[in-house]
Amino acid sequence: MGRYPKGGGSTAAGQHRRERVRMHAAQWFAEGRPNAWVAAELRVGLRQVEKWRQAWRVGGTEAHASKGTAWAAAAG
């Protein structure tokens, strides 16, 4: 068996928490906050914030919504 259970170690609670973090980031992007500030506030890496901002520019806040686990999508 792999290191993580189905879903790469993602629990529903963990997914929800990560989605909230991304939504906070999207709100701050809309306010014009710089990437370094967002990364510090959310305690995540600057590169991750850059990726989120790029997704936000293309798809808006909806781009940060949880898409579910990969195994659930594959099983569906």
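Look up a bit, the structure's there.
Residues numbered from 1 in each chain as written. Predicted model: local features only at pLDDT ≥ 70, side-chain atom pairs only at ≥ 80, totals over all residues. Heavy atoms only, no water.

K.L.:
Hey, could you go over the packing of helix H1 (residues 12-30) against helix H2 (residues 35-42) for me, with residue numbers and the actual values?
P.N.:
Between H1 and H2, the shortest axis-to-axis distance is 10 Å and the interhelical angle comes to 150°. Here H2 runs roughly antiparallel to H1, going by the angle between their axes. Every pair of crossing elements has a handedness; the one defined by H1 and H2 is right-handed. From H1, Val-21, His-24, Ala-25, Trp-28 and Phe-29 reach across to H2, where they touch Asn-35, Trp-37, Val-38, Glu-41 and Leu-42. (Axes fitted to C-alpha atoms, helices over the stretch in contact; angles between N-to-C directions. Helix = DSSP H or I, 4+ residues; strand = E, 2+ residues; numbered from the N terminus. Parallel < 35°, antiparallel > 145°, perpendicular 65-115°, else oblique. Left-handed = near helix turned anticlockwise from the far one by under 90°. Contact = heavy atoms within 4.5 Å.)

K.L.:
Describe the packing of aromatic side chains, and please don't skip the residues or the numbers.
P.N.:
Applying the stated rule across the entire model yields 2 aromatic pairs. Both rings, one in Trp-28 and one in Trp-37, keep their centres 4.9 Å apart while their planes meet at 80°; by these two values the pair is edge-to-face. A relative accessible area of 15% places Trp-28 in the buried class. Ring centres of Phe-29 and Trp-56 lie 5.6 Å apart, and the angle between their planes is 55°; on these two criteria the pair is classed as tilted. One end of the pair, Phe-29, is in helix H1; the other, Trp-56, is in helix H3 (residues 46-59), with 27 residues separating them in the sequence. Using a relative accessible area of 3% as the deciding quantity, one classes Phe-29 as buried. Taking NZ or CZ as reference, Arg-33 lies 4.2 Å from the ring centre of Trp-37, over its face. (Phe/Tyr/Trp six-rings, centres within 6.5 Å; stacked < 30°, edge-to-face > 60°. Buried < 20%, exposed > 50% of the residue type's maximum accessible area, 1.4 Å probe, protein only. Lys NZ or Arg CZ within 6 Å of the ring centre and 35° of its normal.)

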